[in-house]
Structures are given as C-alpha cells and as structure tokens.
Amino acid sequence: MKLLKENRTDAAILLLLAVWGVYEILAETFVYDRFVSIAICMMLVWLFPMCCRTTKPEDSGFRYKAMQYALTFALTLPCALKITEVLRGHALPADNIKLVFISIFVQSACFLLFKYKAKR
C-alpha cells in the first residue's frame, strides 16, 4: 500500500486501465467509443508525463527498464498479430490507439513491479 501511495500517478494509470477494461467488456459498441478513447487519451497525456517527472532519481533505473519493456511490447504485438494472420489466413484487427494505451499501462505496471521486487 505504501508503494501505491508513493507512486500515485502510476496507481491512477492502473486504475484507469481497470475502468477502461470494464467499459470495453460491458459496453456495447456505439457512437461514443471515440469520445471515450479521446477522454482516456487526454487523461494519459496528463498522467504519463507527471509519473515520469515525479520519479525519484534513485528509481530512474526502474522507470527506464519499464519503458524498455513497454516499447518492446508495443513493437512486438503488431508483429505477432501479422505472423498470426499469415499462418491462420485471417486478420486479427488491433486498434493503434489501444495499443498505445496498453503500452502506457504496461510501463506503469512494470515500474511498480520492479520497484516492489527491489524493496522486498
């Protein structure tokens, strides 16, 4: 709990992922999907730089590693989907903006996980 209190912005990003996931699962597709994506994007535009700026200097190594994992995820997922498309013969569509959202969430989750493992 102390870890989440120290890193409130990362916790807020993970909470936003939970809310967005519930919305994606329970809501039917309708006109407001773009508006929800824009609202989430605006929240992440505000939260992501704040979580990077408030990182303590002793934790900057954890943040750097987490960003490397997020970038690797963002680069390999489309490649994996393309390989699956070639092998199975049908496309698995992926929305690009959702890929960016998930990458930011992966970065925050990795940062908190790395920091938790180091403190333990």
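Please read all numbers here as calculations on a predicted model, not as lab measurements.

Cut-off values and rules
- Residues numbered from 1 in each chain as written.
- Predicted model: local features only at pLDDT ≥ 70, side-chain atom pairs only at ≥ 80, totals over all residues.
- Heavy atoms only, no water.
- Helix = DSSP H or I, 4+ residues; strand = E, 2+ residues; numbered from the N terminus.
- Buried < 20%, exposed > 50% of the residue type's maximum accessible area, 1.4 Å probe, protein only.
- Contact = heavy atoms within 4.5 Å.
- Areas by Shrake-Rupley, 256 points an atom, 1.4 Å probe, with all protein chains shown as cover.
- Lys, Arg positive; Asp, Glu negative; His and termini not counted.
- Charge placed at Lys NZ, Arg CZ, Asp CG, Glu CD.
- Axes fitted to C-alpha atoms, helices over the stretch in contact; angles between N-to-C directions.
- Parallel < 35°, antiparallel > 145°, perpendicular 65-115°, else oblique.
- Left-handed = near helix turned anticlockwise from the far one by under 90°.
- Nonpolar A, V, L, I, M, F, W, Y, C, P; charged D, E, K, R; others polar.
- Salt bridge = Lys/Arg side-chain N within 4 Å of Asp/Glu carboxyl O.
- Core = buried A, V, L, I, M, F, W, Y, C linked by side-chain atoms within 4.5 Å.

Engineer: Residue-level account of the overall build of the protein, with values.
Structural biologist: A count of helical and extended segments in the protein gives 5 helices and 0 strands. Along the first, second and third principal axes, the C-alpha set of the protein runs to 45 × 35 × 20 Å. Counting all 120 residues of the protein, 25% fall into the buried class. The long-range share in the protein, meaning contacts at least 24 apart out of those at least 6 apart in sequence, stands at 82%. Summing over all exposed atoms, the protein offers an accessible surface of approximately 8,400 Å²; the carbon and sulfur share of this is 69%. Separation of charge centres in the protein, based on 15 positive and 9 negative side chains, amounts to 9 Å.

Engineer: Before we move on, could you go through the packing of helix α2 (residues 8-26) against helix α5 (residues 96-119) and cite the residues and values that matter?
Structural biologist: Axis separation between α2 and α5 bottoms out at 9 Å; the angle between their running directions is 135°. With respect to each other, α2 and α5 are oriented oblique. Seen along the crossing, α2 lies across α5 with a hand that is left-handed. Contacts from Asp10, Ala11, Ile13, Leu14, Leu16, Leu17, Trp20 and Glu24 in α2 reach Lys98, Phe101, Ile102, Ile104, Phe105, Gln107, Ser108, Ala109, Phe111 and Leu112 in α5. In terms of residue class, the contact of α2 with α5 is built from 13 nonpolar, 2 polar and 3 charged.

Engineer: Hey, could you go over the pattern of salt bridges for me, with residue numbers and the actual values?
Structural biologist: This model, assessed by the stated rule, comprises 4 salt bridges. Notably, a salt bridge pairs Glu6 with Lys115, separated by 3.7 Å at the nearest N-O pair. Placement of Glu6 in helix α1 (residues 2-6) and of Lys115 in helix α5 is noted, with a sequence separation of 109 residues between them. The class for Glu6 is partly exposed, based on a relative accessible area of 34%. Judged by relative accessible area, Lys115 falls into the buried class, the value being 1%. Two residues, Arg63 and Asp10, come together in a salt bridge whose shortest N-O distance is 2.9 Å. Pair noted here: Arg63 is in helix α4 (residues 60-88) and Asp10 is in helix α2, with a separation of 53 residues, a long-range link. One exposure class covers both Arg63 and Asp10, and it is buried. In the salt-bridge network here, residues are joined through shared partners; they are Glu6, Asp59 and Lys115.

Engineer: Describe the nonpolar core, with residues and values.
Structural biologist: Core analysis: the biggest nonpolar cluster contains 10 residues, these being Ile13, Leu16, Trp20, Ile40, Leu44, Leu47, Cys51, Phe101, Ile104 and Phe105. Breaking this core down by element, the ones donating at least two residues are α2, α3 (33-53) and α5. The biggest single contributor to this core is α3, with 4 residues. The residues contacting Ile13, other than those within four sequence positions of it, are Leu44, Leu47, Phe48, Cys51, Ile104, Phe105 and Ser108. Of all hydrophobic cores here, the second largest spans 6 residues; its members include Leu3, Ala66, Leu112 and Phe114.

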